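# Examining the three-dimensional arrangement
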Amino acid sequence: MDAITTGFGVLIAVILLIALVLLLMVGRLFRKVPQGKALIVSKMRTVDVTFTGMVVLPVLHKAEVMDISVKTIEIGRTGNEGLICQDNIRADIRISFFVRVNKTREDVVKVAQAIGTERASDRATLQELFNAKFSEALKTVGKQLDFSDLYTKRDEFRDRIIALIGTDLNGYSLEDAAIDYLEQTPLASLDRHNILDAQGIRKITELTAAEHVRTNEYERNEEKEITRQNVDAREAVLELERRQADAEIRQQREIETVRAREEAETARVQAEERLRSHSAHLKTEEALGIQNENREREVSVAKLNRERVEAVERERIEKDRLLEVIARDRETELRRIAANKEVEAEKRDIADVIRERIAVEKTVAQQEEEIKKLRTVEEAERERQALIIAAEAQAQERLVTDIKAAEAAEQAALHRAAEEVTLAEARRKAADLDAEATLRLAEGKRADQAAGGLAEAEVQERMADALAKTRRAEAEAAKEMGLAEADALREKLKAEAEGLTDKAAAMAALDDASREHEEYRLRLEAEKEIRVAGIEVHRKIAEAQATLVGAGLENAKIDIVGGESVFFDRLVGAISAGRGVDAFVDSSETVQTLAGDWLAKEGTTFPADVKAMLNGLGADGLRDLSAAGLLTKLAAGNGRPTA
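Attention in this report is confined to the structure presented alongside it. (Residues numbered from 1 in each chain as written. Predicted model: local features only at pLDDT ≥ 70, side-chain atom pairs only at ≥ 80, totals over all residues. Heavy atoms only, no water.)

Our next topic: helix α4 (residues 123–142). Phe130 marks the point of greatest bend in α4, at about 50 degrees. Restricting attention to buried positions, one finds in α4 the residues Thr125, Leu126, Phe130, Phe134, Ser135, Ala137, Leu138, Val141 and Gly142. (Bend = angle between axes of the 7 residues up to and from the residue. Helix = DSSP H or I, 4+ residues; strand = E, 2+ residues; numbered from the N terminus. Buried < 20%, exposed > 50% of the residue type's maximum accessible area, 1.4 Å probe, protein only.)

Structure follows, in structure tokens:
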């Protein structure tokens, strides 16, 4: 057991020792490659390239390190070797190219095999290798551009050079290029016998001369403008100083004038006050004198005239005083007006000074306003942008609001539609109920109308029954009345028969004288009745005749002449004659034949024929007829004229 454990421990120790030895060997043989370097390991048959690290075995492997970082190659052309541009102007230029070994196994092996690992990273070697190529490209591109374009279009110039050289340089890679220096070659470095330099010198001379002239012109203009501005500024300053001095002098003069005026006014006022005081004193004395005079007037009447004179004098003095007061007031007013005019003139002068000062300040203010305007415009622009942003935000907000409002309106429309449906359903139910109610009402009306008809039929039936009953009652009443009348007639006849019987018995019982008297009374009564009947017949005949005459003479115009019976008889006779004539004319064919045209009721020619006949007779014919009529009357009256 102990032997096995000891052997196992020895085995583990050996394994650990071997592993430790291997780790130490790997650590010693592994070569780490820093950034920007490449490790090239040449083995028995192959070449490996690594950019990180690998194990290199001694004797069997050969390891070489190549710098593949970016290297700078500077190409400079100055002096008589300067770059010739398209316009034959020579330019001094210095440009840096950034070149590095391409980071691929093939390019690294190609460069190592072509140049070697040490020379591949040497800047002098790179300068030697690419100087000719880069210089040729530089000259080619430089000849395509003028000097001004070369100077101003550096990016284009650089891009053209890179495009012409290309990025693949047999394992190297052209990363970038930069123009460090670019200026015109000084004229002293140019060869005047070189045709290109000669053309370049001429071009440079022309351009520089023109630029010198323009520069000189600008310098002179600058000097003139500066001088003019200085003169204007000095003139403005002098003018302002002059105005300031004038204003100060005017102001001092105004102050002196006002002071003198105030002093004069003060003196005048003092004099007026003294005069007024003296006048008041005089007035007081005058008043005292007047009082004394008045008192003395009572004592001496002789002094009245004197007092009157004194009174007149006092009036004159008072008048003079009033005139003096008026004159003083007028003078005071004139002085005040003059002072106002002077003050106005001074105010105008001060206003002129202020106006000029305002003009100067106006210029300053205009410049300040321009600055403020610029600030305001900028602020307005910023505010406008802010307003636009705010308006866009508001528009978005309104859009959201409109969308929400539309959604709300849609919901409201749905609710309104549901409401309308509910209301329509309610209206439909109400209409059904109304129709049912109307039908019920129609049935009720029909029942009412039927009830009315039935009632009317019942009423008529009852009326018929009542009428039948009435007629039966009338018939019974008539029957009873007839029976009553028959009974009454029977009783009357019976009573008359009884009366006649009694009368015959009484007549039989009377004597002869009484009987004769009774018979005579009966005859008188019978004659009386006969005459009354005759009068009644004549009355009826007269009424019939009057009716007939009234109908015949309803439209006749008749003058009543004579008594009652004569008029009636003549009227009846005239009517009878007219009737007879009409019957004769209507029944006579001869008369109808001879006077047919004259008898027509319409269109008769009788008046026209009579008129034509009278016209045919003329004046002589009428005279002959008159004479014939006169002779006929004389013959009928035996020589005496008749009425």
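Now that the structure has been shown, the text picks up again.
For the coordinates displayed, the defined rule picks out four aromatic pairs. Geometrically, the ring pair formed by Phe97 and Phe134 is tilted, given 4.3 Å between the ring centres and 35 degrees between the ring planes. Residue Phe97 is found in strand β8 (residues 90–101), and its partner Phe134 is found in helix α4; the two are separated by 37 residues along the sequence. For the pair Phe97 and Phe134, a shared accessibility class is recorded, and that class is buried. For the pair Phe130 and Phe134, a centre-to-centre distance of 5.5 Å together with 15 degrees between the ring planes defines the contact as stacked. One end of the pair, Phe130, and the other, Phe134, are both in helix α4, four residues apart, so they sit about a helical turn from each other. Taken together through their ring pairs, the aromatic side chains of Phe97, Phe130, Phe134 and Tyr172 make up a single cluster. Note that Lys103 overlies the ring of Phe51, its terminal NZ or CZ placed 5.5 Å from the centroid. (Phe/Tyr/Trp six-rings, centres within 6.5 Å; stacked < 30°, edge-to-face > 60°. Lys NZ or Arg CZ within 6 Å of the ring centre and 35° of its normal.)

With that out of the way, let us pick up the nonpolar core. Grouped together as the largest cluster of nonpolar side chains are 44 residues, with contacts concentrated most on Met66, Phe97, Phe134, Phe157 and Tyr172. With sequence-adjacent residues up to four places away left out, Phe157 is seen in contact with Leu83, Ile93, Leu138, Val141, Gly142, Leu145, Leu150 and Ile179. Formed by five residues, the second largest nonpolar core is a distinct cluster that contains Val33, Val41, Met54 and Val56. (Core = buried A, V, L, I, M, F, W, Y, C linked by side-chain atoms within 4.5 Å. Contact = heavy atoms within 4.5 Å.)

As summarised here, the arrangement of the three strands in space is β3-β2-β5, forming an open sheet in which the pairing is antiparallel. Each edge of the open sheet carries a strand with a single partner, namely β3 (47–50) and β5 (62–67). Neighbour-to-neighbour, the strand axes of this sheet turn through a mean angle of 20 degrees, independent of strand direction. Alignment of strand β2 (residues 37–42) against β3, held across four bridges, turns out to be antiparallel. Following the sheet pairing, Val41 is matched in β3 by Asp48. The strands touched by helix α2 (residues 105–114) are β2, β3 and β5; relative to β3, the strand with the most contacts, the crossing angle is about 120 degrees. (Pairing = 2+ DSSP bridges. Axes fitted to C-alpha atoms, helices over the stretch in contact; angles between N-to-C directions.)

Turning to its location among the elements, Glu272 is positioned in helix α7 (residues 195–299). Residues within four places of Glu272 in sequence aside, it is in contact with Arg328 and Thr332.

Take the pattern of salt bridges next. Here the structure, examined in full by the defined rule, presents 32 salt bridges. Among the ionic pairs, Asp352 bridges to Arg355, the shortest N-O distance being 2.6 Å. Of this pair, Asp352 and Arg355 both sit in helix α8 (residues 304–509), three residues apart, roughly one helical turn. Note that Glu381 and Arg384 form a salt bridge whose closest N and O atoms lie 2.5 Å from each other. With Glu381 and Arg384 both in helix α8, this residue pair falls three residues apart, about one helical turn. Note on Arg384: relative accessible area 39%, which makes it partly exposed. One connected set of salt bridges, linked through shared partners, spans Glu239, Arg242, Arg243, Asp246 and Glu356. (Salt bridge = Lys/Arg side-chain N within 4 Å of Asp/Glu carboxyl O.)

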